[in-house]
Each structure stands twice: as C-alpha cells, then as structure tokens.
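# Observations on chain architecture
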Amino acid sequence: MKKLVWIRADGEKVWSERKKRFSASIEFGSPDAVWVNAGEEETARTISRVDVVSDGVKADIQLGKDAFYKKIRNKEDEQEIVREGKKRKFVIIDASDWKIIPLENIIAGLQDQKAKIIVEVSSPEEAKVALQTLEVGSDGVLINGDPQVIKKTLAIVEDLTSMKLDLTVAKVTKVKPVGMGDRVCVDTASMFSLGEGLLVGSASNALFLVHSETLESEYVGSRPFRVNAGAVHAYTLLPTGKTSYLSEVAAGDEVLAVDHKGKTRKLVVGRAKIEKRPLLLVEADAGGKKITTLLQNAETIMLTRKNGKPISVSKLQVGDEVLTYLEEGGRHFGMKINESIKEK
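Since the model is a prediction, treat every value here as computed from it, not as a measurement.

## Considering the overall build of the chain
- Counting its secondary structure elements, the chain contains six helices and 22 strands.
- Overall size of the chain, expressed as C-alpha extent along the three principal axes, is 70 × 40 × 30 Å.
- Accessible surface, the chain as shown: approximately 17400 Å² in total, 48% of it carbon and sulfur.
- In the chain, which carries 53 positive and 50 negative side-chain charges, the distance between the mean positions of the two groups comes to 3 Å.

## Quick word on the sheet that holds strand β3 (residues 51-54)
- Reading across from one edge, β4-β3-β2-β1-β8-β7-β6-β5 is the order of the eight strands in this open sheet, with parallel pairing throughout. Edge positions in the open sheet fall to β4 (61-62) and β5 (67-71), since each of these has one partner strand only.
- In this sheet, strand β7 (residues 116-121) lies alongside strand β6 (residues 90-94) in parallel orientation, the contact comprising five bridges. Following the sheet pairing, Ile-92 is matched in β7 by Ile-118.
- Taken strand by strand, helix α6 (residues 147-161) contacts β1 (4-8) and β8 (140-143), and its axis lies near 175° from that of β8.

## With respect to the pattern of salt bridges
- Applying the stated rule across the entire model yields 20 salt bridges.
- A salt bridge links Glu-80 to Lys-70, with the nearest nitrogen and oxygen atoms 3.1 Å apart. With Glu-80 in helix α3 (residues 75-85) and Lys-70 in strand β5, this residue pair connects regions lying 10 residues apart in the sequence.
- For the salt bridge of Lys-87 with Glu-84, the shortest nitrogen-to-oxygen distance reads 3.7 Å.
- Exposure remark for Glu-84: the relative accessible area of 13% places this residue in the buried category.

## Overview of the environment of Arg-18
- Mapped onto the secondary structure, Arg-18 falls in helix α1 (residues 15-28).
- The exposure class assigned to Arg-18 is buried, which follows from its relative accessible area of 7%.
- If sequence neighbours within four positions are ignored, Arg-18 has contacts with Ala-9, Asp-10, Gly-11, Lys-13, Asn-37 and Glu-40.

## Regarding the pairing of strand β11 (residues 206-211)
- Judged by how many residues are buried, β11 sits mostly within the fold: six of six residues are covered.
- Side chains of β11 alternate between two faces, with Ala-206, Phe-208 and Val-210 and Leu-207, Leu-209 and His-211 buried alike.
- Sheet topology note: the strand β10 (residues 196-203)/β11 ladder contains five bridges and is antiparallel. Looking across to β11, one finds that Leu-198 is bridged to Val-210.
- Relative to strand β20 (residues 321-326), β11 is paired through three bridges, and the arrangement is antiparallel. Bridge assignment links Phe-208 to a residue of β20, and that residue is Thr-324.

## Structural notes on the pairing of strand β9 (residues 168-188)
- For β9 and β20, the ladder comprises four bridges, and the chain directions are antiparallel. Along β20, the bridge assignment pairs Lys-171 with Glu-321.
- Note that β9 and strand β16 (residues 264-286) share 16 bridges and pair antiparallel. Counterpart to Met-180 in the pairing with β16 is Pro-278.
- As defined by bridge partners, β9 adjoins strand β12 (residues 226-231) across five bridges and the pair is classed as antiparallel.

Criteria and cut-off values
- Residues numbered from 1 in each chain as written.
- Predicted model: local features only at pLDDT ≥ 70, side-chain atom pairs only at ≥ 80, totals over all residues.
- Heavy atoms only, no water.
- Helix = DSSP H or I, 4+ residues; strand = E, 2+ residues; numbered from the N terminus.
- Areas by Shrake-Rupley, 256 points an atom, 1.4 Å probe, with all protein chains shown as cover.
- Lys, Arg positive; Asp, Glu negative; His and termini not counted.
- Charge placed at Lys NZ, Arg CZ, Asp CG, Glu CD.
- Pairing = 2+ DSSP bridges.
- Contact = heavy atoms within 4.5 Å.
- Axes fitted to C-alpha atoms, helices over the stretch in contact; angles between N-to-C directions.
- Salt bridge = Lys/Arg side-chain N within 4 Å of Asp/Glu carboxyl O.
- Buried < 20%, exposed > 50% of the residue type's maximum accessible area, 1.4 Å probe, protein only.

Below you can see the structure in the form of structure tokens.
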C-alpha cells in the first residue's frame, strides 16, 4: 500500500540550512511533499517537482484550508483532529509523546473519511509505529529530522510498503520453438541484482520470474538494467498490484522488480523495445496448474531457480524447476477480480 512521505523544511533557520533536509530526501528517496514557510513555494519547486505545503496561497496543500495541523496533548485534541479531518484533505499530527497519543482512535474515527492522516516523526522507529498502528497505519509520515534520519526513515517506509510475494516452484513440462513474434525488452533506470527480474506470463494469474541480464555470456556482455521479458501479449505485474501488457510498458512507467525470495521494489522504465525475434513456448506445472509463457529463443534469456540462480532458456529441459507467481481468480483491465477465468 502506498504511504505518503512529507519532509518538514519550514522554521526559523535560514533556507540554506533547511534545504538540506529536502535535498537529502530527493537523494535518498522520492518524497511526495515538502513543508516550507510561506513565500518559499517557488524556491522549493526549483529543487524538485513535488507538492509544496505551507500556509501561503501559492501552496499546493495549504495549511488551514486543505490540511489541519495539531499537536496532541489530551483527549480534546484527539477529538478536534477527528472533527477537522471530516472537513480537510489531510490532518497532520504532532505525536511526540507516544505513550499518550491515541493514534488508534484517530485512525478509527476517520476510516470512512477522505482525509489522509500524516504523522510527524523524528526517527525511523516512530515512523514504523505510525505506519503499522491498527495494522492499517497512518496514510503517511512527515519526517522532521536531519539527513541521516531522513535516509533511514525512507528505507523503513520502502520496506514496510513493498509487496512481499509468495513464489511457487513449478516444473517445466514443455519447451518448444514456435516461430517469429514481437518481443519486449524492458530497460530500467536501475540495476537488477542476481536472482531478481520481472514477473511475466501468458496468463495474468500465473507468471514466471524472468531473470534480468545480470550475467555475462560468451556472446554478449551483461546488461544488469535489462529484462528481456517476453512476447507483446504477455502480462507483467506492476507495483500497484495490477497487471499490464508488455506491449503497453513505456518510458517513465514503473515496473515491479522481484527477487527469488519474493521481495519487491519499484523500478522506473527507461525504454521498452519491441523487436521481431524467434520465440520459445515454455510450459510448466505449478501444483497441478498448467502455466505458459513465450520468451525469446536466445541464450541470454533466463528464468529463475529457487536458489536465485538463472537458467538460460537455451538450456531449459523438461523437469527443470523454476520460480512462478500464482494468484486465485482473474483480472479485468489489469485489476484483480474474484472470477473464474481460464486462459489457454
């Protein structure tokens, strides 16, 4: 689930000092908003294109109008936050005394409202508590700390919000050349690690872990930013939990990198190349379910073993075991639905 990250960079110190927090957040992650003093909105926008929070009229999120800020000291403060949250897009909570802050009551009180709850934190530990309270947690955090606190807190947020997938070992039952077709090569703006790739398959609820080109071969050098993903019709799982056809993936989109342990992270696509290449049908049995995909028939295209080691499709044999991701139900326009759908 997406969690918002705001950076607090307002206050009495000179802008050159406060700017360090904002700059650090851009270096270590990708904040959704920055809080500055009135009149500094345009200055902040020159650093990065994020929403600007202030009590000035040029703010994207204006304090008092769009957002309500409150430090909780007692029960009356909690009740006021719930009341104001029914009128605003955001409530920002200063929850510095964690022993008496009734964050659970605020989450419960606003669960049917549109207002998003942002909790001010000054450490990674506080962020973890805020984002996990009542299992649902706050909608985001406002980080008030130095660059190192920001770096560690962003790492915590990324870890808590990334999807964890249960991968299934499937046994290969068929490997068959099927002729020419259009395949998609996805190049990202980040480096993949060994044991990591994209989930791709001919059925939206049955995907193979196609390994990245992190290893060199005797024919070409490594391309650790690339996954030679599969045919244009195939699906790939996205960070939103939806699927997309590979033919629709384009520069600037986000794709979901997955490693052999099911850990995920978001990567930005730099380019997607569609080219005619010889294709190979790979069929496998995953707990009694037949699943298929079409991949380019070349030695640099690989699936992933349980231990994270890649296996080239040129060496793939019946009986080999590879990692897959299975879901119940089907999908409609990429969205998961509880419906029985067969894709052959």
